[in-house]
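A structural walkthrough
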Amino acid sequence: MNMLSAVQLIPGVNSSKKQMCFDWGPGEMLVCETSFNKKEKSETVPGCPVIYIIRKDVDVYSQILRKLFNESHGIFVGLQRIEEELTGKSRKAQLVRVSKNYRSVIRACMEEMHQVAIAAKDPACSRQFSSQVSILSAMELIWNLCEILFIEVAPAGPLLLHLLDWVRLHVCEVDNLLADVLGSENPRKHESFWKLVTILVLQGRLDEARQMLSKEADSSPTSAGMCRILGDLMRTMPVLSPGTTQTLTELELKWQHWHEECERHLQDGTFASSPHLESLCKIMLGDEAALLEQKELLNNWYHFLVTRLLYSHPTVKPIDLHFYAQSSLDLFLGGESSPEPLDNILMAAFEFDIHQVIKECSIALSNWWFVAHLTDLLDHCKLLQSHNLYFGSNMREFLLLEYASGLFAHHSLWQLGVDYFDYCPELGRVSLELHIERIPLSTEQKALKVLRICEQRQMTEQVRSICKILAMKAVRNNRLGSALSWSIRAKDAAFATLVSDRFLRDYCERGCFSDLDLIDNLGPAMMLSDRLTFLGKYREFHRLYGEKRFVDAASLLLSLMTSQIAPRSFWMTLLTDALPLLEQKQVIFSAEQTYELMRCLEDLTSGRPVHGEPDAQRLQDDDIETTKVEMLRLALARNLARAIIKEGSLEGS
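Residues numbered from 1 in each chain as written. Predicted model: local features only at pLDDT ≥ 70, side-chain atom pairs only at ≥ 80, totals over all residues. Heavy atoms only, no water.

An unreviewed UniProt entry annotates the protein chain as Nuclear pore complex protein Nup85 originating from Equus caballus. Recorded under Function (unreviewed entry), the UniProt text for the protein chain is reproduced unchanged: "Functions as a component of the nuclear pore complex (NPC)." (UniProt positions renumbered as here; feature names shortened; annotations may be inferred.)

**Topic: the overall build of the protein chain**
A count of helical and extended segments in the protein chain gives 30 helices and three strands. Burial statistics for the protein chain: of 653 residues in total, 46% are counted as buried. Taking the contacts inside the protein chain whose residues are at least 6 apart along the sequence as the reference set, 63% of them involve residues at least 24 apart. Surface accessibility of the protein chain: about 33,600 Å² in total, with carbon and sulfur atoms responsible for 53%. (Helix = DSSP H or I, 4+ residues; strand = E, 2+ residues; numbered from the N terminus. Buried < 20%, exposed > 50% of the residue type's maximum accessible area, 1.4 Å probe, protein only. Contact = heavy atoms within 4.5 Å. Areas by Shrake-Rupley, 256 points an atom, 1.4 Å probe, with all protein chains shown as cover.)

**Focus on unusual backbone geometry**
Phi angles above zero are rare outside glycine, and Phe352 is one such case at about 60°. By secondary structure assignment, the location of Phe352 is in the loop between α15 (341–350) and α16 (354–364). Exposure remark for Phe352: the relative accessible area of 33% places this residue in the partly exposed category. Despite not being glycine, Lys382 has its phi angle at roughly 65°, a positive value. Mapped onto the elements of the fold, Lys382 is located in the loop between α17 (369–380) and α18 (395–407). Relative accessible area serves as the criterion here: at 49%, Lys382 is assigned to the partly exposed category.

**Re helix α27 (residues 550–562)**
Since the α-helix advances by 3.6 residues per turn, residues separated by three or four positions end up pointing in the same direction. Between the first and last C-alpha of α27 there are 18 Å, a value that for 13 residues agrees with the 18 Å anticipated at 1.5 Å per step. Against α26 (530–546), α28 (571–582) and α29 (591–606) lie the buried residues of α27. One or two positions beyond α27, positive phi appears at Gln564, with a value near 65°. (Expected span 1.5 Å × (residues − 1).)

**Topic: empty space enclosed by the protein**
This structure, assessed with the given rule, holds two cavities of 30 Å³ or more. What the largest cavity holds in volume is close to 80 Å³. Gly157, Leu160, Leu161, Met237, Pro238, Val239, Leu240, Leu251, Leu310 and Pro314 together form the lining of the largest cavity. Considering only residue class, the lining of the largest cavity consists of nine nonpolar, one polar and no charged. (1 Å grid on protein atoms, 1.4 Å probe; cavity = no way out; pocket = protein on both sides within 12 Å on 5 of 7 lines; lining within 4 Å. Points joined across faces, edges and corners; volume = space filled by probe spheres on them. Nonpolar A, V, L, I, M, F, W, Y, C, P; charged D, E, K, R; others polar.)

**A few points about the pattern of salt bridges**
Under the counting rule described, the total for this entry stands at 17 salt bridges. When the shortest N-O distance is used, the salt bridge between Asp175 and Arg205 registers 3.0 Å. Separated by 30 residues along the polypeptide, Asp175 in helix α5 (residues 173–182) and Arg205 in the loop between α6 (193–202) and α7 (206–219) bring together distant segments of the chain. Through salt bridges with shared partners, a single network forms among Lys100, Arg103, Arg107, Glu140 and Glu147. (Salt bridge = Lys/Arg side-chain N within 4 Å of Asp/Glu carboxyl O.)

**With respect to helix α14 (residues 321–333)**
Helix length check: α14, at 13 residues, gives a terminal C-alpha distance of 18 Å against a target of 18 Å (1.5 Å per residue), a fit within 8%. Along α14, the residues classified as buried are Leu321, Ala325, Ser328, Leu329, Phe332 and Leu333. One face of α14 carries all of its buried residues, which in axial projection span an arc of 110°. Buried positions along α14 lie against α3 (123–151), α4 (158–170), α11 (288–293), α12 (295–298), α13 (301–312) and α15. A positive phi of about 60° marks Gly334, the residue just after α14. (Arc of directions from axis to C-beta.)

**A short note on the packing of aromatic side chains**
Within this structure, the stated rule accounts for 19 aromatic pairs. With 6.3 Å between their ring centres and 80° between their planes, Tyr102 and Trp369 make a pair best called edge-to-face. Placement of Tyr102 in helix α2 (residues 88–119) and of Trp369 in helix α17 is noted, with a sequence separation of 267 residues between them. Overall, Tyr102 belongs to the buried group, its relative accessible area being 0%. Residue Trp369 is classed as buried on the basis of its relative accessible area of 0%. (Phe/Tyr/Trp six-rings, centres within 6.5 Å; stacked < 30°, edge-to-face > 60°.)

**A closer look at the side chain of Thr315**
With respect to the helices, strands and loops of the structure, Thr315 is situated in the loop between α13 and α14. Residue class for Thr315 comes out buried when judged on its relative accessible area of 14%. Beyond its immediate chain neighbours, meaning those up to four positions away, Thr315 contacts Ala156, Gly157, Leu248, Leu251 and Glu252.

**Points about a nonpolar patch on the surface**
Among the surface-exposed residues, Leu427, Val430 and Leu434 lie close enough to one another that they form a single nonpolar patch of about 230 Å² accessible area. On the secondary structure map, Leu427 appears in the loop between α19 (414–422) and α20 (428–436). (Patch = residues over 30% accessible without salt bridge, like charges linked within 9 Å, V, L, I, M, F, W, Y side chains within 5 Å.)

**Here's the deal with the nonpolar core**
Within the largest apolar cluster, 190 residues are counted, with the highest numbers of intra-cluster contacts made by Leu163, Trp166, Leu230, Trp301, Phe350, Trp369 and Phe370. Among the elements that line this core, the one with the most residues is α3, at 14 residues. (Core = buried A, V, L, I, M, F, W, Y, C linked by side-chain atoms within 4.5 Å.)

**Some details on the environment of Trp166**
When you line up the elements, Trp166 lands in helix α4. You can call Trp166 buried: its relative accessible area is 1%. Residues Trp166 and Val306, 140 residues apart in the sequence, show an inter-C-alpha distance of 9.3 Å. Those residues within four positions of Trp166 in sequence are excluded, and the remaining contacts are Leu141, Asn144, Leu145, Ile148, Tyr302, Val306, Leu346 and Phe350.

**Quick word on a negative patch on the surface**
Taken together, Glu260, Glu263, Asp287 and Glu293 make up a surface patch of like negative charges. Relative to the assigned elements, Glu263 resides in helix α9 (residues 248–267). (Lys, Arg positive; Asp, Glu negative; His and termini not counted. Charge placed at Lys NZ, Arg CZ, Asp CG, Glu CD.)

**Examining the packing of helix α8 (residues 221–236) against helix α10 (residues 275–284)**
It is at 11 Å that the axes of α8 and α10 come closest, and there the two elements cross at 15°. Regarding the angle of α8 to α10, the classification is roughly parallel. Seen along the crossing, α8 lies across α10 with a hand that is left-handed. Seen from α8, the contacting residues are Met226, Cys227, Leu230, Leu233 and Met234; seen from α10, they are Leu277, Leu280, Cys281 and Met284. Of the residues assigned to the contact of α8 with α10, the class counts are nine nonpolar, no polar and no charged. (Axes fitted to C-alpha atoms, helices over the stretch in contact; angles between N-to-C directions. Parallel < 35°, antiparallel > 145°, perpendicular 65-115°, else oblique. Left-handed = near helix turned anticlockwise from the far one by under 90°.)

Have a look at this one:
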């Protein structure tokens, strides 16, 4: 089974003639042709003037694999929270359970992918899905073996039982064959009858093989005796049952006696008249030549290995596994073909070389999901403690960072990536900061998600940056209320000033404020900038005026001008707002306040710049301005007279 991801050809590019250049982005690689030939003289124009984008992790865009990523995320987070106090058997049992959960997710995805491959109408699509099924199957095969050897740490005896289950789980065509044969009118006469019995024996499913032989015995009196003898040998084969108190020594003695009995029957020619039964007896004796004759039924070398161990070395110790594994691989391939990536990975596992397993998987598999989660689990088993990488992080963290980076290339899976970065103590925080800044804030809902993540982690700079981006978007869309709230959230005084100016300009043009609720409830936020303070206070002036609290409104208006908070360009608007107060029946502004207003008006008119050659519009504007000034002067003079009289009469009384 070849697991290597397909070579991606770049259309229009001839790499044998031209040099290529590339650059990794956060989620993809940019590839283009340079203007240099490899051998000939340089040309000035490239033959393919196109930049081609290659996605870094194509698998994140698969609908079915997204389920793998989503489901395994929950398992991963749960694993990080496993109590460190748990030790011994309870901790080991929990880690085995986590491993089985990961495998069940792989199998569920594999089943779904298989159904999609069957249903696909396009042959190319069907091939693609079938290829993905093979890769998922290989991943589960490797994980299961690692679970047996590194997490279960099965000792001699139980080790073989686990390996038998491993093979049976992954060589499952026999179940369909069994149903097919038993479902026929006469199972014994089915063309695949002996093939089925042989496979059952090869897989150590001796009870089922014995039942099939009993059908042969019932219908063939000539071979009934031989079938009964072989059936008895199958029934009496010593097996270490889970939960028994039988020692390995006792098992080895019993097995030796049983093996000698099988050997005696073969030597005596008990099965000489039935080639099928004789072949089965040879297999049960672990005869290598007899096993290799069944190459086609064994499918692969690791099935051959487990069958060979079952019938030759049932109490094999973990430390000796790699000797048998290597010789089984060599015998099975017979020099006819070279080991494939999957063979190398399994061999590294049998050699208990965890780092080689991870390295080979990283090269062979098309994404980082497998190595990241397996390495994390093995790290929790305290199996990778000594292995630090030269660039400052350990292997677990490096692989998790790579996997999380791939998730950030996807429009929604990036949310899962956040948790993976969180559980990388060395470089997780800085990696999250770099990646989260690159998320396109396409909608306000998405932006709020990103913002919440940053705020939960006290990522102040990123919070400010996101708020500024959203404030600028809101300004471009003329949503001033939203822009102001984002700039306040970003604590960006300069941008708050800019938005406040836009509010004031809109007020001058339309004569009313938009987003009154926001401005009325600024609270302490109005202290962010002078212009925002002025906007809040100016709105308060309008509210006081609307409530007919004229004295308070007048005092606030005057303080806005005299405290220099109001922009000079807005003074004429403020003075114009004072006109209705000056014209009230009762005197609102005192004489002193009126003098202040007069001074402001004179400052404003004396400081006005001299224009060049006036045009018609400017003359018209100047006329309006002159009229305003005259009206103000008249109103101020009248108010001053009334105020002096009122204050004088009050003093006299």
